[in-house]
Every structure is written in C-alpha cells, then in structure tokens.
Amino acid sequence: MTIRTRYLAVSAAVLLAGTALPAMATTLRYANQGDLKSLDPYTLNETTTNAHLGHVYEGLTRRGKDLAVQPGLAEKWEISDDGLTWRFFLRKGVKFHNGNPFTADDVVFSATRVRAPGSNFQTRVPSSAEFVKVDDYTVDVKLKSPNPILNYQWDTWYIMDKEWAEANNTAGPTPAAATTPSYSALNANGTGAFKIESHQPGVKTVFKANPDWWTKPEHNLDEIIFTPINSDATRVAALLSGEVDVIEPVPLQDIARVNGTPNAQVMTGPELRTIFLGFDQTRDELLYSNVKGKNPFKDPKVRQAFFQAIDIETIKSRVMRGLATPSALMIAPELFPFSKDFVRPKYDPEGAKKLLADAGYPNGFEVGMDCPNDRYVNDEAICQAVVGMLARVGVKINLMAQPKAQYFAKVLKSGNYQTSFYLLGWTPGTFDSHNVLFDIEGCRDDAKSSRGESNLGNYCNKKHDELADKILVENDTAKRDQMIKEAFQLTTSEFGYIPLHQQSLAWGVSKKVKLSQRADNSVLLYWARKE
Amino acid sequence: MLAFIVRRAFQALGVLLTVGLIAFSMFRFAGDPVNQIVSIDTPAAEREEVRRSLGLDDPVPIQFARYLARGAKGDFGVSYQFRQPVSDLLAERMPATLELAFCATVFAIVFGILMGVFSGLNRESFMAKVFQTISLIGISLPTFLIGILLIYLFAVTLGWLPSYGRGDTIRIGWWSTGFLTKSGLTALILPSITLGLFQMTLIMRIVRAEMLEVLRTDYIKFARARGLTTRAINFGHALKNTLVPVITIVGLQLGSVIAFSIITETVFQWPGMGLLFVQAVQNVDIPIMAAYLMLVALIFVVINLAVDILYTVVDPRLRSSIRQPA
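Going by an unreviewed UniProt entry, chain B carries the name ABC transporter permease and comes from Microvirga brassicacearum. If you open the UniProt record of chain B and go to Sequence similarities (unreviewed entry), you find "Belongs to the binding-protein-dependent transport system permease family." In UniProt, chain B has this text filed under Subcellular location (unreviewed entry): "Cell membrane".

Chain A goes by ABC transporter substrate-binding protein in an unreviewed UniProt entry, where it is assigned to Microvirga brassicacearum. Word for word, the UniProt comment on chain A under Sequence similarities (unreviewed entry) is "Belongs to the bacterial solute-binding protein 5 family."

Peer 1: When you look at the overall build of chain A in this model, what are you seeing that I'm missing?
Peer 2: In terms of helices and strands, chain A carries 15 helices and 19 strands. Against the globule reference of 24 Å for 531 residues, chain A gives a C-alpha radius of gyration of 26 Å, in line with a compact fold. A principal-axis box enclosing the C-alpha atoms of chain A has dimensions of 100 × 65 × 45 Å. The buried share among the 531 residues of chain A stands at 49%. By sequence separation, contacts in chain A at least 24 residues apart represent 70% of the contacts at least 6 residues apart.

Peer 1: What should I look at first to understand the interface of chain A and chain B in this one?
Peer 2: By a widespread convention, an interface's size corresponds to the accessible area lost as its parts come together. In this assembly, 43 residues from chain A lie in contact with 45 residues from chain B. Of all elements in the fold, only helix H6 (232-240) and helix H12 (404-411) of chain A reach the threshold of two or more residues within the side of chain A that touches chain B. Top element by residues in the side of chain A that touches chain B is H6 of chain A. It accounts for five residues. Here the side of chain A that touches chain B is built from residues that sort into 17 nonpolar, 20 polar and six charged.

Peer 1: Sorry, what's going on with helix H10 (residues 349-358) of chain A here?
Peer 2: An α-helix turns once every 3.6 residues. As a result, residues three or four positions apart point the same way. Residues and elements named next belong to chain A. Along H10, the positions that sit buried rather than exposed are Ala 352, Lys 353, Leu 355 and Leu 356. End-on, the buried residues of H10 take up no more than an arc of 160 degrees, which puts them together on one face. On its buried face, H10 sits against helix H8 (300-309). Two residues or fewer after H10 comes Gly 360, characterised by a positive phi angle close to 100 degrees.

Peer 1: I'm lost on the UniProt feature "domain: ABC transmembrane type-1" (unreviewed entry) in chain B in this one. Help?
Peer 2: Per the UniProt record, the feature "domain: ABC transmembrane type-1" (unreviewed entry) sits at residues 94-311 of chain B. Between the C-alpha atoms that bound residues 94-311 of chain B there is a distance of 28 Å. The span itself is 80% helix and 3% strand.

Peer 1: What exactly am I supposed to notice about the domain arrangement of chain A here?
Peer 2: All names here are of chain A. Split by domain assignment, chain A resolves into domain 1 (3-245 + 512-530) and domain 2 (270-504). Here the C-alpha centre of domain 2 lies 35 Å away from the C-alpha centre of domain 1. In this assembly, eleven residues from domain 1 lie in contact with 14 residues from domain 2. Split into classes, the residues belonging to the side of domain 1 that touches domain 2 amount to six nonpolar, four polar and one charged.

Peer 1: How should the sheet that holds strand S5 (residues 85-90) of chain A be read in this particular structure?
Peer 2: Strands belonging to one sheet form pairs held by backbone hydrogen bonds; the direction of such a pair is parallel or antiparallel. Residue and element names in this part refer to chain A. The antiparallel open sheet is built from four strands, whose spatial order is S4-S5-S7-S6. On the outer flanks of this sheet lie strand S4 (74-79) and strand S6 (130-135), each paired with one strand and no other. The mean angle between the axes of side-by-side strands here comes to 20 degrees, regardless of whether they run parallel or antiparallel. As defined by bridge partners, S5 adjoins strand S7 (residues 138-142) across five bridges and the pair is classed as antiparallel. Considered in S7, the bridge of Phe 89 is made with Thr 138. Relative to S6, helix H3 (residues 104-114) is tilted by about 175 degrees, and along the sheet it contacts S5, S6 and S7.

Peer 1: Help me out: how do you make sense of the pairing of strand S8 (residues 194-200) of chain A in this one?
Peer 2: Sheet faces and side chains relate simply in a regular strand, where the side chains alternate between the two faces. All names here are of chain A. Bridge count for S8 against strand S9 (residues 204-209) is six bridges, and the pairing is antiparallel. Looking at S9, one finds that His 199 is bridged to Thr 205. Turn length for the S8-S9 hairpin, with the two strands adjacent in sequence and antiparallel, is three residues, and the turn residue Gly 202 shows positive phi of about 75 degrees.

Peer 1: What is the right way to look at the UniProt feature "transmembrane region" (unreviewed entry) in chain B in this model?
Peer 2: Residue and element names in this part refer to chain B. Within this structure's numbering, the places UniProt gives as "transmembrane region" (unreviewed entry) are residues 12-30, 98-121, 133-160, 172-198, 243-268 and 288-314. The annotated region residues 172-198 carries 63% helix and 15% strand content, and the separation between its end C-alpha atoms amounts to 31 Å. Annotation note: span residues 243-268, helix share 96%, strand share 0%, distance between end C-alpha atoms 32 Å.

Peer 1: Whenever I open this one, the pairing of strand S12 (residues 264-279) of chain A confuses me. Can you help?
Peer 2: Here S12 of chain A pairs with strand S17 (residues 497-510) of chain A via twelve bridges, running antiparallel. Pairing of Val 266 of chain A across the sheet is with Gly 508 of chain A, part of S17 of chain A.

Peer 1: Is there a simple way to think about the packing of helix H9 (residues 218-225) of chain B against helix H10 (residues 230-267) of chain B in this case?
Peer 2: Residue and element names in this part refer to chain B. Interaxial distance between H9 and H10 falls to 11 Å at its minimum, and their mutual angle equals 150 degrees. In terms of orientation, H9 lies roughly antiparallel with respect to H10. Judged by the twist between their axes, the crossing of H9 over H10 is right-handed. Judged by residue contacts, Ile 220, Ala 223 and Arg 224 of H9 engage Ile 233, His 237 and Ala 238 from H10. Its residues assigned to classes, the contact of H9 with H10 shows four nonpolar, one polar and one charged.

Peer 1: Even after reading the chapter, I still don't get the confidence of the model for chain B, so can you show me in this structure?
Peer 2: A low pLDDT score tells you not to read the predicted coordinates there in detail. Residues and elements named next belong to chain B. Looking at chain B, pLDDT values average 84 and 94% of them are 70 or higher. Looking at the elements of chain B, mean pLDDT is at its lowest for helix H13 (residues 319-323), recorded as 56, and at its highest for helix H5 (residues 86-121), recorded as 90. Among the scores for the predicted complex, ipTM is 0.80 and pTM is 0.83.

Rules behind the numbers
- Residues numbered from 1 in each chain as written.
- Chains lettered and ligands numbered in written order.
- Predicted model: local features only at pLDDT ≥ 70, side-chain atom pairs only at ≥ 80, totals over all residues.
- UniProt positions renumbered as here; feature names shortened; annotations may be inferred.
- Helix = DSSP H or I, 4+ residues; strand = E, 2+ residues; numbered from the N terminus.
- Rg over C-alpha atoms; globule rule 2.2 N^0.38 Å.
- Buried ≥ 20, exposed ≤ 12 C-beta atoms within 10 Å, placed from the backbone.
- Contact = placed C-beta atoms within 7 Å.
- Nonpolar A, V, L, I, M, F, W, Y, C, P; charged D, E, K, R; others polar.
- Arc of directions from axis to C-beta.
- Domains from an automatic or database assignment.
- Pairing = 2+ DSSP bridges.
- Axes fitted to C-alpha atoms, helices over the stretch in contact; angles between N-to-C directions.
- Parallel < 35°, antiparallel > 145°, perpendicular 65-115°, else oblique.
- Left-handed = near helix turned anticlockwise from the far one by under 90°.
- pLDDT = per-residue confidence, 0-100.

As structure tokens, then:
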C-alpha cells in the first residue's frame, strides 16, 4: 500500500465515521391512515388523535399496556368514605416542555378548559365537579354524587400549562367555528415523553424525545416522524420498501403478503370495539319495510330469528379472514370480567324460520338495512354476508351501504334515527360497561337526558335503566359487576341487539422495531424500541 | 383587446358564481359535517350548538350568500378539520400541486414530442411499435393503477425511488420547493410520470400524426430537393409546423393536470391541494371543498383566457374576430 492509498483509506475511514455519527440518532417513521389535525388536546376526541397527543401531553392517570389505570401526573389518590371527595397528590419535579413547573394550578386550569364551550372532551370531567387547590401539589375534586369511574378516562384528559395557555391567548379550547386559528392548534407544550419539533397539519409531524421527562423512558428513540398516508396500497408499499417502520392499519387482504416479506410483519389482536347489528324497536311502522301497520322488530321472536340466522363463524372465516373474535356481549371481554358467562345462541336457520313463522311471518318480509362502507374493517362485506344469510330464512334485505359521512348523517340523532336495521361499532370511551348500558342500551324516552342517544333503534327496558343508575354510583366493585351482569342479561335475553364480533387490530411493523400493542388501538411509541 | 378581457372577466365571474352555487347545493349530499367534528358519544345538545355556531342550520341560499359576502373580503372561512384559515391551507399546499403539475407537463411535452417525432419518422421500426404500445397503456389504464404499479416496481421491488410524499422541501418565502433537495427531486419522478402519462400519450399521438401529414406536403419535398440536411428538414421545418396543435393541447390540458392531480396525489400521499380536497370530502369539510372548487374553476377560466389571448398572438387572422363581438 503506497502512502497515497493509505492516506485515501484513512480519510475514507474518517469520512465514514463522520457520516455514521448522525445516523446513530434513532428515528422511527410512522404512518397512519388518519391525520393529526389539531394539536389542541381538547379539540377532537378520537382514538388516533388521543394516541398521537399522548406522546406529548399526559393526564393525571395513565393506562398501561393491559389498559389498567396507573398513576400518571398524579402519584396517588384517595377517595373519602362518602365517595364525594377525591384527593389527588401530584407528582413533584415535573416540568412542561417550556420549563414551567407542573402544579395544582395547571390541573384546576385544565379542568376548567376541558369543560369550556368548544371542548370535545366535556364529558371527561363531570360538569358539577369542583376542583379545589389544597396546596401546590394537592387537588381536591368535590362531587355531587359518588362516581366510581371518575378517573377512568383521565389518561386522555391531558393537562395543559396554565401560564403558557394564558400567555398565548389560548385559555379556551379551539371551537369548531373558530374564525382565527388558535395557538394551541399548531403548538404544544406538554409534560410527556416527546416534544413537537414541527407540525404541518395533514402533511408531517416531527416529535423529538424529551430529555427531561420525569420517568425513565422505555423507548430508545430520538425522533418520531409521523406522516398520514391515506391510501391503503401506498401505506403498505411504504412499509414494504422500508420507508416507514410502523403503519396502522394494514388492510386485511394485505396481511399475508406483509408477513411473507423478510423485513416486516403484522401485529394482530382483538380490538375493544364491538361490531353489532341493531333494530328499530320504537316506530310503530318501520321506515323501510313491506310490513305495514306494525313493526316486526318489536317482537323479540323476530329479533331472535335474525340472531340465529347469522352464521358468525362464516363471517369470521370468510369476511374477516380469521381476524375477528365472535362476541356474545355488547362489550369486549377485556373490559368486563363476567363476559365468559355469556354465549351466543347457536346458528340455526331452521329454528329461525320457525321463530319467524311463530311471529306471523312464515314467508319472511322485506326490510332496508343501513351500513357504513368506510368506517369499520370490511363493514360493507359483513353487511353483504348478513343479507345472504337472512335471505336463507326468507327475509329480504335491501342493503344501503354508504360512506360514513352520509351514513352517520342519516342514522344518528341529528338525522332523526332514519334506519330500520343497521350495523354499528362501539368502544366504550370509559372502558367501562356503564357507558354501553347508558349510551347504547338506555331508553331514549327522556328528551332532557342524553341517555340512549346512540341507541339508534331505541331498545328499551326500564328495569335495565334502573340498574344502570345504581351501577353509576356503586363503589363496591363486586356488587357493581354483579349488577352489570344482570343488566346485560336483560338485554341478551330479549335479543335487544345482535353483537357480531370484535374486529382485529392490524399494525404493520418493521422487524427492526419492537412495539406493545394495546387493545384500544392506540399506537403508543413511548414503548417502542428500534434496533 | 381590453374590452375583450373585461368581457371575459365578467363571464369568469359568472362561471365562478355558478360553480359556487352548484357546489353549495351539493354539499348537503356529502353528509353532516357536525358528525365529523364531534365524537360519536357527544351529546345531541352539544352537536346542535356546534351546528348553530357554524351557521349550518340556515337554509342553503343564506349559507351561500354569507359565503360570498365573506369571500368578497378575501375570507374563505376556517377548515372544520384543521381549525385554520382555508386560504392558508391552500397556499401551503399549492406549491406541491403546481410543482407536480409543472414536472408532469414537462415530462409529457419532452417525451411526447421525442417519441412522436421518432415514431413519425420511423413508422415501421421496432421502437415505434413499442412507443405505440406504451401510448395505448397510457390511454387505457386508469391513473391510480399506473401509480400503484410504479410504486410496486420502483419503490417496493427495486427500492430505487420513494413511494410516497414530497421528500425534504426547502422554503423560499411562502413557497416550499422540492426542486432543491435530492429526496425532493426523486420524490417527484413517479408522481410526475403517473400524472403526465396521459398527456404524454396524447402529445405523442398528435405529433406522430402531424409529422406523417407534414412530411407528405410539398414544401418538405422542395426542401429535400434543395438539398437541406434531413435533420434541418425534420426538426427545423416539419416539427415546427406540428407544434401548433401541441400548444393548444398543452394549454387546455394544463387545467386538467392541476385538477386531476387529485388521484395522483391520493395514491402518492402528495401533500398538495388535491389530497386536501379528497380528505375534505371524506370529512365533509365544506370550507375547503368550496374554496378548492372555486379555485379550480378560476384556474380553468384564467387558462382559457390566456389561451384565447395567445391564439391572437400566434394567428393574426383571429384578431379581427376578437375586436368585434361575435
């Protein structure tokens, strides 16, 4: 080796070493179907958005990988014997990203802001709850009635910095009808594991690891680059080509292909959302049916016939390609310990025909069905399968599958519940059964109450509602679970709904990345490790 | 000339108003925007409050009138999804779309003309047949399919080019450009081909047909007889005369390239106005939909006006017809 070539070799080595250094920074690239639109943590209550902002902001509580409630910004809490006062002890030494200390003032401020007009999270904190600062690190919450699940959703009630919000004129949440953009929609100042480095709504968001985080990070990332990729094929291509490390979701039809490649795989698992069918049980004559003068769905026999006519195993294997967990209940098994005690009625088309004949429809009847086609995994295909199965027992379904924007405009309260038979999915926001008992199974008859607003067909049982009211204030977990079981038994015995399944999560992950998959479909990268 | 432009400006205003009115009367079929703003468990009272605060409870004509009154002052409202002024969002996304449209058009012109001239001159050669086949593909395959095929070939299988996005961009004032970085330039290749393929095919076929036509004319024969080089005849005389229809096509198609970039942008997650519009439709974001449709209408009107004016520059015979109202 001449001196000259040796010199070249050395300089090449130096150059290589020089370029290798910045490459040591670990960047995780993540693409989701949905956008991160506003950084204001009180603007849109939606799982993907909440998960994104959970990297930046934190609540008084956290939820672990198994969804168990853990201390977050509050180290611990105590409940008074009458259940009316909760005392929260705040973590000391926590700093917001701008260096401001986290104190009781920020909690009181956030409690006001989250309940202000324009907030999409008003139900996170009861409107009558009063927040009292005891000292800088203690806050009392005074309630009008006991509420055992007060803090169940506080992992996504993110605490904001009072001083920062007031200084930047963003002390109120950004309302939908805002005429000027709010500071907090484009900037963030949380206490969490990552800081926002830059945010271009709908294009790209860059997160940088927060070196001053109050706890030891489990992740080994320096940077997260988030890009929304709306198109399924492009998102999968980006994963396969190695341009992104994590994608959510992977379309069912691409799972086998992703798993067949050497550098990526699909993480699957049951999601908390329950997909179910509902009936209009309130109108005296169905809107879309050839049965005139009466409503067949008021008869539990007809509902049972529909239930027994559906072959859930076929839906699972054919429509969902095995990626679904058939369900007997309107809540996911992870969220209710007695779920195992419930079983689906057997698939029995002959029995269904007999039930229909007993109910006075020996030749079946015709009814219209509403179905979204871009909301849940293979939603339209599920509906088509249901149409075929019901045809076998003589019921002719006229399927109306439409994009979610039109679907929800029609079937929700704002559309005057214009549906006779529909498919919907529901995840209880509180991860608690009461939410299902109240929103989905509660009677709609009191116009002043918001009970049953998502009970599109108005299944109604007064006894069930009385139980739900008791469950709301019962502090004893064992008693409470027993009552929940009773309430669910009332609904299942009357076939108020047809639960179908929990759909599956499908995250595409590069083999270089280790992730923890949480059943609520929150992609939380503060648990991610990348080689 | 001035009277002509003024008259056309009034026509343009009429077109914009019509587009706006049609758009507004269609929006109610797009779904209920309130459902996209609130979450599914938001109480109905709160939903009604949102609806009222957005003015969505008023009849469509009143909403349209209010939109026009604000638009006249340059205020196109605030996006429901992003909570930012629509004009800012569109301005932010416009460079992406215009750069893509520019590259696609340049690609279409350069390759269209080259392939057209070649296959015009060497009709029977093997390459000419290959070009004919490519042009058939360009005309018959839908854009999104071409995009996905290119992604799978060049991004997934070969790993040469990025599959999505714009790469790194550099800001010059309010304009963000992808022309100055390597990743920005490589990111432009696949979307430009996808978007420009159809125009390229069109140009190639026109140039080929025109070349065949022109090469048969007398003045080419005379040029040959005078002993000019083949090169001078083909490119100096023949090609020049084929370009008039090409200019017309390129001008008229430029508007469609910008408007139809919607599909290409969706496939490549290209952060331009088209992608913004598609997402706005999915989320019933009326302010973005309205502003985008008006903008596209405006672009079409302006391009048409420019083409009309250009004609008079190219062809003096048209000037008299413009001076007198037809």
